[in-house]
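The primary structure of each chain is shown beneath.
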Amino acid sequence: MFKAEILNAFFASIFNSRTSYPQGVQPSGLEDKDREQNNPPIIQEEVVNDFLMPLDTQKSMGLDGIHPRVHRELAGELTKPLSIIYQQSWSTGEVPDDWRVANVTPIYKKGQKEDLGNCRPVRLTLVPGKIMERIILSELSRQVQGSQGIRASQHGFMKGRFCLTNLISFYDHVTHLLDAGKAVDVVYLDFGMAFDTIPHSVLLEKLGNHGIDKWPSLKVISTMSVGFDHLALDEIKKRGIRVGYTPDVLTDATAELSVALLLAACRRLPEAVEQVKNGGWTTWKPLWMCGYGLSDSTVGIIGLGRIGQAVARRLKPFGVKKFLYSGSHPKPENAAEFEAEFVPLTRLAEESDFVVVTCALTPATQGMCNKGFFARMKKTSVFINTSRGAVVNQEDLYDALTQGQIAAAGLDVTTPEPLPTDHPLLSLKNCVILPHVGSATYATRSTMAVLAANNLLAGLRGEPMPHELQL
């Protein structure tokens, strides 16, 4: 119980500190005033009415048989009893059972019902339950943003993001374990790549302030990523904490993005689009907007792991003549499919027309692509990084691009993230930079979220995780 109280105080320090808030964002019925930690906000009738009045009368009736139009027409009579119920629910943590009932029904689009991806699930829940959820999300958003738990660029707890709903649903699963009498110490679920995390330093500071670092409480970490360089692995190993991660499921999406980024950089697609928009497209010119092709080229891949192999598999049909790869050691079983040759990093830089970085970030690879590396590359070569930003010395890359040492670059990862809008690399036409969207497909992110949750639940039960990082 004492550990639980410490954890509650920790979360309260994020959600309950008083601070200014952008005009128009704070719900009118949630009063921003000094209050003790863990005391619920005052849910006024006006805020309930504000949620009832915009209800879409064209929507279907809920499972209770009441049409949204009825809720809207009776808003004047419903606001007071609902505000009382919401206030009591917030204070006690109890929700009426029928509000939890949900029905998911498929809505078919064009084509045959049997076609894959031809339907989208629609969740039908009771209107009172939806409104309660919105009130909770509004308060969480207000408090987390206001207490500077996240930066302005981090959208994880912003209003309207479905990840919040998923997080609350996941929390409900964890509380169910408690209700069933199963021991749960501390849970930290890092949705790192689904929606940016609260900065690691902020979490550590708040945990330390509440004495969590003095207690052997943290048992399981589940990160929604294939990378784990953002975790303090030495400390985690020392404390015997289990770590789940999400490899394999984002391999194809990241490989597709790597190829797309390569093509965009080598064929100067962003430049071409800009020329169309600003009137630069005039009469035909023989060498206008020319770039470099993959046919008969040599592709060097730094890190021939799952993603590296998937990239090579997608590039091979373009007519690539030769694949080279480098890494900590040869991987003949991975290289056989592409007849790839294991070479030192220096030779890979010298002979490759395209260099694709897909390795993990380790002390050995940090800053690996530097001035010396770029100096060895061909003046016509293209550099692509979809691994981790810290693998590249970005100042050296800028110099290589501006001095003509290499032809172009494409980055899906940078240091820091997000990259400041005045960063020198963003001023270059021959550098294509994306906002770390390697795994950003609907299917991939959904699969990652499910796997991260399953890893954590398995860890809480003391069972083998679907994907556990072996420390």
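Rules and cut-offs
- Residues numbered from 1 in each chain as written.
- Predicted model: local features only at pLDDT ≥ 70, side-chain atom pairs only at ≥ 80, totals over all residues.
- Heavy atoms only, no water.
- Patch = residues over 30% accessible without salt bridge, like charges linked within 9 Å, V, L, I, M, F, W, Y side chains within 5 Å.
- Areas by Shrake-Rupley, 256 points an atom, 1.4 Å probe, with all protein chains shown as cover.
- Salt bridge = Lys/Arg side-chain N within 4 Å of Asp/Glu carboxyl O.
- Helix = DSSP H or I, 4+ residues; strand = E, 2+ residues; numbered from the N terminus.
- Buried < 20%, exposed > 50% of the residue type's maximum accessible area, 1.4 Å probe, protein only.
- Expected span 1.5 Å × (residues − 1).
- Disulfide = S-S within 2.5 Å.

Going by the annotation in an unreviewed UniProt entry, the name recorded for the chain is Glyoxylate reductase/hydroxypyruvate reductase, with Limosa lapponica baueri given as the source organism.

Undergrad: Help me out: how do you make sense of a nonpolar patch on the surface in this one?
TA: A cluster of nonpolar side chains, Ile-66, Val-70 and Leu-74, forms an exposed patch at the surface whose accessible area comes to about 200 Å². Within the secondary structure, Ile-66 is located in the loop between helix 2 (45-52) and helix 3 (68-73). The exposure class of Ile-66 is partly exposed, given its relative accessible area of 33%.

Undergrad: What's the story with helix 9 (residues 251-266) in this structure? I'm lost.
TA: Every α-helical turn comprises 3.6 residues, leaving residues that sit three or four positions apart pointing alike. The end-to-end C-alpha separation of helix 9 is 22 Å, in line with the 22 Å expected for 16 residues at 1.5 Å each. With 12 of 16 residues buried, helix 9 is to be regarded as a mostly interior element. For helix 9, the full list of buried residues reads Thr-251, Ala-253, Thr-254, Ala-255, Leu-257, Ser-258, Val-259, Leu-261, Leu-262, Ala-264, Ala-265 and Cys-266. Of the residues flanking the end of helix 9, it is Arg-268, one or two places downstream, whose phi is positive at about 55°.

Undergrad: Sorry, what's going on with the state of the cysteines here?
TA: Think of a disulfide as a covalent bridge from one cysteine sulfur atom to another cysteine sulfur atom. Here the structure, examined in full by the defined rule, presents zero disulfides. No disulfide involves Cys-359; its sulfur sits 7.0 Å from that of Cys-369, the nearest cysteine. Looking at Cys-369, the relative accessible area reads 0%, which means it is buried.

Undergrad: What is the right way to read the pattern of salt bridges from this model?
TA: Two side chains that carry opposite charge are able to pair once their charged atoms sit near each other. Tallying each qualifying case throughout the model produces 12 salt bridges. For the salt bridge of Lys-322 with Glu-341, the shortest nitrogen-to-oxygen distance reads 3.4 Å. Separated by 19 residues along the polypeptide, Lys-322 in strand 7 (residues 322-326) and Glu-341 in strand 8 (residues 341-342) bring together distant segments of the chain. Among the residues examined, Lys-322 registers a relative accessible area of 30% and is labelled partly exposed. What makes Glu-341 partly exposed here is its relative accessible area of 30%. Here Arg-347 and Glu-341 are joined by a salt bridge, their closest N and O atoms 2.9 Å apart. A residue is classified by how much of its surface remains accessible, and Arg-347, at 26% relative accessible area, is partly exposed.

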